[in-house]
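Listed below, chain by chain, are the residues.
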Amino acid sequence: MNQLIKHLYKGFFSLITLFSLFFSTNLFAQSHLNYEISFPDPSSGSYRVEMRISGLSANELTLQMPRWMPGYYQLMDYGKNVQNLKAFSQSGIELPVSHEDFSTWTISGIKSETLIVRYDIQTVRKFVATSFVDKEHAYIVPTNSWLYPKGRLDLAPELKVILPDGWADVATGLKEEGALSYSAEDMDVFFDSPLLIGNLEELPSFEVAGVKHRFLAHQIGEFDKQDFINRLQNSLEASVELMGDIPFEEYTFISIGPGRGGIEHLNNTTFSLDGNQLQSEGAVNGAIAFLTHEYYHHYNAKRIRPVELGPFDYQKANRTTQLWVSEGLTVYYEYILMRRSGVINDEQFLSYFADLITRYENDEGKSFQSLEESSYRTWDEGPFGQQGTAQDTTITYYEKGPVLGLLLDFAIRNASDNQQSLDDVMRFMYNHYYKDLGRGFTDAEIREACENAAGMPLGELFDYLQTTKVLDYQKYLQMAGLDLEKSKVDGKDKFTIVRSSDTNEKQSKIYKEWTEGNSH
Ligand SMILES: [Zn+2]
């Protein structure tokens, strides 16, 4: 190749590069995804979605429905609820649709820049991980609702809500663009933003570190709402104090009605709650603990996350061995935050951990399944381990996870002469992996963070994670001047945690900072 041709060739090549860069950027800029949700007959339990996809250049488009909802680690195959799907060209001509599997539809013969797809979602189950509609309200689970162009999770969707007559309110974490108009920066945020629609009750809003927190509810019932909100606010303030950051402009508690379960999101949580049940201090504390748990998840699970959990693959099980961190340590901090905010006292605090140990020690599955394995297998066994089998061979990370968190925290405090704690590990994971690197963490990285905080290897504790070895509670509890006592109730072991009668200065300091907190 001579110099002139080489020069021309290079020039031509960069022209192509420039052209394709312009073309692809242009294509990206022109692709729009608009959804409209309406309720032609709410009493039938169904709702209608119309999606308009513009900026198309191909004659064929594949759409998919997610198979699961982040935060609820079970395959739900939401595509099964899609009915009456029809596709139309810009001029209203109905187009051929092939249905490849429960989650996938391909539309062909498009020949226009804009495609309109209309379908209904039939709801059947009132549950936090499924959409539900009746004549009074609608709970819309995004992964149960929004088809998306295959491979285009980068698109920034817009949503318009058409309210049925007599309904007035929408609660959602989506960005509001105008009356009943919303947007999300990409499909991951859209899939993370459920909607509660109807005539909602709003509890008093409050600020945490200058950020507005709202509480909107369907059928919340009667209880002392101001007292409840005050306690909740205290507990949330403790969590922001622990982590030293608040990563959103507004947070919304979305209470979907009586029932069970809650799911965490980036700037909101959706959960079932029956206020009529909150008539004793124990019941109120239980509900505060539950909401503190969901709230702390916006740090731990949504932002501090295992590499396997985000970006998500919505079409398959996203298995991880790290739910002992995402769920287990969230349970651990739910109790820590309740104590540090003064919602519960020392006695109640210690009894929470004693109850966890009692439940774990009475679980026959403890000799069969490791903590990591219970996380990995949750997609097959459910969040609380396999139920209803003759031989119980599974455990739950909701129990052994926080128990390991407790032992790890004491080990780190003891080894570092109380200069470091699990709090420092959580702050490090948040600041380093989420804020600085913008990614999830690996098994090795959480272990490394714990061992760096301790300044020594923590082999025995990480053995507890990967094996079924018997836990040496006393060794770790005494680091904070605590003793584990065992008794028998109805033939089962019952454990109690008590403070030792004589403790040295180091043990007292560890106990004090564990219960009261300290920000290094
Ligand atoms: Zn959780």
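Model, not experiment: these values are computed from the prediction.

Rules behind the numbers
- Residues numbered from 1 in each chain as written.
- Predicted model: local features only at pLDDT ≥ 70, side-chain atom pairs only at ≥ 80, totals over all residues.
- Heavy atoms only, no water.
- Helix = DSSP H or I, 4+ residues; strand = E, 2+ residues; numbered from the N terminus.
- Rg over C-alpha atoms; globule rule 2.2 N^0.38 Å.
- Contact = heavy atoms within 4.5 Å.
- Areas by Shrake-Rupley, 256 points an atom, 1.4 Å probe, with all protein chains shown as cover.
- Lys, Arg positive; Asp, Glu negative; His and termini not counted.
- Charge placed at Lys NZ, Arg CZ, Asp CG, Glu CD.
- Donors = N, O, S within 2.8 Å, 3.2 Å for Na, K, Ca; no water.
- Buried < 20%, exposed > 50% of the residue type's maximum accessible area, 1.4 Å probe, protein only.
- Core = buried A, V, L, I, M, F, W, Y, C linked by side-chain atoms within 4.5 Å.
- Domains from an automatic or database assignment.
- Pairing = 2+ DSSP bridges.
- Polar contact = N/O pair within 3.5 Å; in protein donor to acceptor, adjacent residues only side chain to side chain.
- Buried area = accessible area lost by both parts, 1.4 Å probe.
- Salt bridge = Lys/Arg side-chain N within 4 Å of Asp/Glu carboxyl O.
- Nonpolar A, V, L, I, M, F, W, Y, C, P; charged D, E, K, R; others polar.
- UniProt positions renumbered as here; feature names shortened; annotations may be inferred.
- Expected span 1.5 Å × (residues − 1).

Turning next to the overall build of the protein. A tally of helices and strands in the protein yields 14 helices and 23 strands. On C-alpha atoms alone, the protein measures out to a radius of gyration of 26 Å, which is about the 24 Å that the 2.2 N^0.38 rule sets for 520 residues. The C-alpha extent of the protein, read off along each of the three principal axes, is 80 × 75 × 50 Å. A fraction of 70% describes how many contacts in the protein between residues 6 or more apart in sequence connect residues 24 or more apart. Carbon and sulfur atoms make up 49% of the accessible area of the protein, which totals about 22,600 Å². Distance between charge centres in the protein, computed from 47 positive and 73 negative side chains, equals 4 Å.

On to the coordination of the zinc ion, then. In an ideal octahedron of six donors the angles at the metal are 90 or 180 degrees, and in an ideal tetrahedron of four donors they are 109.5 degrees. In this structure, H293 (NE2), H297 (NE2) and E327 (OE) serve as the protein donors to the zinc ion, at separations of 2.0 to 2.1 Å. Sequence spacing of the donor residues for the zinc ion, all on one chain, is H-x3-H-x29-E. For the pair formed by H293 and H297, the shared burial category is buried.

Once that is clear, we can look at the nonpolar core. Ranked by internal contacts, the top residues of the largest apolar core, which has 157 residues, are V117, F215 and W514. A total of eleven residues in this core trace back to one element, the largest contributor, which is helix α5 (residues 323–340). For this core, the domains that each give at least three residues are domain 2 (31–199) and domain 3 (299–516). Those residues within four positions of V117 in sequence are excluded, and the remaining contacts are V49, E50, M51, I53, L63, L85, K86, A87, I107 and L147.

Now for the sheet that holds strand β12 (residues 158–161). Here eight strands make up an open sheet; going across it, the order is β5-β4-β8-β2-β1-β12-β15-β14 and the pairing mixed. Every interior strand has two partners, whereas the edge strands, β5 (94–95) and β14 (175–178), have only one. Here six bridges tie strand β4 (residues 82–89) to strand β8 (residues 114–122), and the two strands are oriented antiparallel to one another. Bridge pairing in β8 places K86 opposite R118.

All right, on to the side chain of R427 then. Relative to the assigned elements, R427 resides in helix α10 (residues 422–436). By relative accessible area, R427 is classed as buried at 12%. For R427, the side chain forms a polar contact with the side chain of D424, separated by 3.1 Å.

Right, let's talk about the domain arrangement of the protein for a bit. Think of interface size as the accessible area that goes away when the parts come together; that is how it is often given. Annotation of the protein at the domain level lists domain 1 (1–30), domain 2 (31–199) and domain 3 (299–516). Once you take the C-alpha centre of each, domain 2 and domain 3 turn out to be 38 Å apart. Facing 16 residues of domain 2, the contacting portion of domain 3 comprises 16 residues. Taken together, the two surfaces of domain 2 and domain 3 that pack against each other cover about 1,400 Å², and 59% of this comes from carbon and sulfur. Summed over the three residues of domain 2 that lose the most area to domain 3, namely W68, Y73 and Q74, the buried surface amounts to 48% of that side. Run the count over domain 2 and domain 3 and you get one salt bridge. Residues that form the side of domain 2 that touches domain 3 fall into these classes: nine nonpolar, four polar and three charged.

This part is about the UniProt feature "domain: Peptidase M61 N-terminal" (unreviewed entry) in the protein. The feature "domain: Peptidase M61 N-terminal" (unreviewed entry), as annotated in UniProt, sits at residues 34–199 in this numbering. Taken end to end, residues 34–199 comprises 3% helix and 43% strand; its first and last C-alpha atoms sit 25 Å apart.

A rise of 1.5 Å per residue sets the reference length of helix α9 (residues 397–415), with its 19 residues, at 27 Å; its end C-alpha atoms lie 25 Å apart and thus fit the reference within 8%. Among the 19 residues of α9, 16 are classified as buried, and the element is accordingly described as predominantly covered. Between a side-chain oxygen at the N-terminus of α9 and the backbone nitrogen of Y398 the separation is 3.0 Å; the capping residue is T396. Backbone geometry just after α9 places D417 at a positive phi near 55°.

Let's shift gears to the pattern of salt bridges. Inspection of every chain in the model, using the stated rule, returns 29 salt bridges. Where R214 meets E250, a salt bridge forms, and the shortest distance between an N and an O atom there is 4.0 Å. Of the two residues, R214 sits in strand β18 (residues 211–217) while E250 sits in strand β19 (residues 250–255), which places them 36 residues apart along the sequence. Of the charged contacts, one joins K469 and D463 as a salt bridge, the two residues approaching to 2.6 Å between their closest N and O atoms. Linked by salt bridges that have partners in common, R319, E373, R377, D380 and E381 make up one network.

Here the focus is the side chain of H298. Along the chain, H298 turns up in the loop between α4 (281–296) and α5. You can call H298 buried: its relative accessible area is 0%. Among residues more than four places away in sequence, those in contact with H298 are P247, F248, Y251, H265, L266 and R303.

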